[in-house]
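Now for the letters of each chain:
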Amino acid sequence: MYNPTVPIKLLDSKTVARIAAGEVVERPASVVKELIENALDAGARNLDIEIKGGGTGLIRVSDDGCGIAPADLPLVFTRHATSKITSFDDLTGIMSLGFRGEALGSITSVADVELLTAVANAPSGCLVIRRDGRTSDKPAARTRGTSISVSHLFKAVPARLKFLKTDATETGHIVNVVSNYALARPEVRFTLTVDGRRSLNTPGTGQLRDTAAEILGRETASRMIDVEAAAESLSVSGLAAPPDAGRANRTGLFFFVNQRWVKSPMLSRAVEEAYHGLLTVGRYPVAVINLTLPPADIDINIHPAKTEIKFHQDNRIFNFVRQSVRSALIGESPVPVIGEPV
Ligand code: ADP
Ligand code: MG
């Protein structure tokens, strides 16, 4: 409770960092998400993800992206340090997944981190170790790319550790994150190894259907209907499962805006309306929807986790997605249309 006899004081920087890290790193899956985003921003075509103990034992993400130049390494774990934007105005044209410069700084304030990186044609790579708030580095061998290993997650934040669910549940969240990014980037090969066992392996052929086969099952993927439409600056592409492949919950909907995984109740509603009258009551659609629109038409700077998004023209997007999915379904689906919405 507020007590006027206790003076107001500035918090020390370590405390500030840990409080702020809570917004970025909610659970192990948030770490995996941030590391994948960084790898994709670095142009990786192969991404290997390894986790142990639901992510609290180990999270390791290795990529074959551009690597980090030795001159940039001193700032890599500093919060608000980024190579992706230089001013707030850059956000209106943003195509990279990251821009806040917060992920690595936040992760290192709640875990131990080892970063092994090398740029092309460098005589050697570099291993940077950050443990208990101290950083050390030394030359180390590696081909071009970056591997980041995160261990002892939340060891200094027992309240957060307590809030975590079972390893199986946390692993489920991680599988969901990897599945989303694999679907967002069919041209990238993703592997996920859970406690030593291969859990996901997408082929990276560039064909969404091939990745969908790994994530949603071969049978569903082979029956999915292409969704493809464009109107002025807006375009949609993706796959929608026939209504009889509906699920008992909402886990089958995947949305990407400019290749960024987003959570959008508005887009979910648009797709659900597109299936209106086609699905058995109590079933939900399965669909992967990619929207492309000018970055200036959206705002992604709503929450540090960057999965929420604001569209400047909500209604237009809603109608466009609903109609595109609807026509794909009706054009191809042999199921009669009941109660077509006006
Ligand atoms: P942001 O992604 O918002 O820039 P991060 O804290 O996630 O902030 O990363 C800080 C910086 O470290 C990035 O801007 C990038 O320059 C570099 N970086 C991080 N991960 C990688 C990676 N896997 N490959 C290349 N560079 C990376
Ligand atoms: Mg990042």
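Residues numbered from 1 in each chain as written. Chains lettered and ligands numbered in written order. Predicted model: local features only at pLDDT ≥ 70, side-chain atom pairs only at ≥ 80, totals over all residues.

> Sorry, what's going on with the sheet that holds strand β3 (residues 112–118) here?
By way of backbone hydrogen bonds, the strands of a sheet pair with one another, either parallel or antiparallel. What the eight strands build is an open sheet, ordered β5-β4-β3-β6-β2-β1-β7-β8; its pairing is mixed. Only two strands of the sheet have a single partner each, and these edge strands are β5 (134–140) and β8 (197–201). The sheet shows a mean angle of 15° between the axes of neighbouring strands, direction not considered. Across seven bridges, β3 lies against strand β6 (residues 145–151) in antiparallel orientation. Paired with D112 across the strands is S151, a residue of β6. (Pairing = 2+ DSSP bridges. Helix = DSSP H or I, 4+ residues; strand = E, 2+ residues; numbered from the N terminus. Axes fitted to C-alpha atoms, helices over the stretch in contact; angles between N-to-C directions.)

> So what exactly am I meant to see when it comes to the nonpolar core here?
Side chains that are nonpolar tend, in soluble globular proteins, to be buried together. With 83 residues, the main nonpolar core has V32, V271, A287 and I289 as its most contacted residues. Each of domain 1 (13–201) and domain 2 (220–332) accounts for three or more of the residues forming this core. In contact with A287, not counting residues within four places along its chain, are G238, L239, A240, A241, L253, V271 and V325. (Core = buried A, V, L, I, M, F, W, Y, C linked by C-beta atoms within 7 Å. Buried ≥ 20, exposed ≤ 12 C-beta atoms within 10 Å, placed from the backbone. Domains from an automatic or database assignment. Contact = placed C-beta atoms within 7 Å.)

> Help me understand the domain arrangement of the protein chain, please; the structure alone is not making it clear to me.
Domain boundaries assigned for the protein chain yield domain 1 (13–201) and domain 2 (220–332). Summarising the inter-unit geometry, the C-alpha centres of domain 1 and domain 2 are found 28 Å apart. In this complex, domain 1 contributes 16 residues to the contact, which on the side of domain 2 involves 12 residues. Looking at the side of domain 1 that touches domain 2, the elements that each hand over two or more residues are α1 (13–24) and α5 (167–184). Here the side of domain 1 that touches domain 2 gets four residues from one element, more than from any other, and that element is α5. Residues of the side of domain 1 that touches domain 2, tallied by class, amount to eight nonpolar, four polar and four charged. (Nonpolar A, V, L, I, M, F, W, Y, C, P; charged D, E, K, R; others polar.)

> Explain the site of ligand 1 to me, please; I cannot follow it from the model alone.
Around ligand 1, the surrounding shell holds 22 residues, and the nearest of these are N38, A42, T82, G98 and A103. Secondary structure elements with two or more residues in the shell around ligand 1: α2 (28–41) and α3 (103–110). Looking at the shell around ligand 1, its residues break down into eight nonpolar, nine polar and five charged. (Near = placed C-beta within 6 Å.)

> How should the confidence of the model for the protein chain be read in this particular structure?
Parts of the model with low pLDDT should not have their predicted coordinates read in detail. Per-residue pLDDT for the protein chain has a mean of 91; in total, 96% of the residues score no lower than 70. In this model, residues 333–342 is a region of pLDDT below 50 whose contacts with residues beyond four sequence positions or in other chains number 14 contacts. Across the whole predicted complex the pTM is 0.91, and at the interface the ipTM reaches 0.98. (pLDDT = per-residue confidence, 0-100.)

> Honestly, helix α6 (residues 208–216) in this entry has me stumped. Any pointers?
Structural remark: α-helix, 3.6 residues per turn; residues separated by three or four positions point the same way. By the burial criterion, the buried members of α6 are L208, T211, A212, I215 and L216. Mapping the buried residues of α6 onto a view down its axis gives an arc of 110°, with all of them on the same face. Phi for G217, located one or two positions after α6, is positive at around 105°. (Arc of directions from axis to C-beta.)

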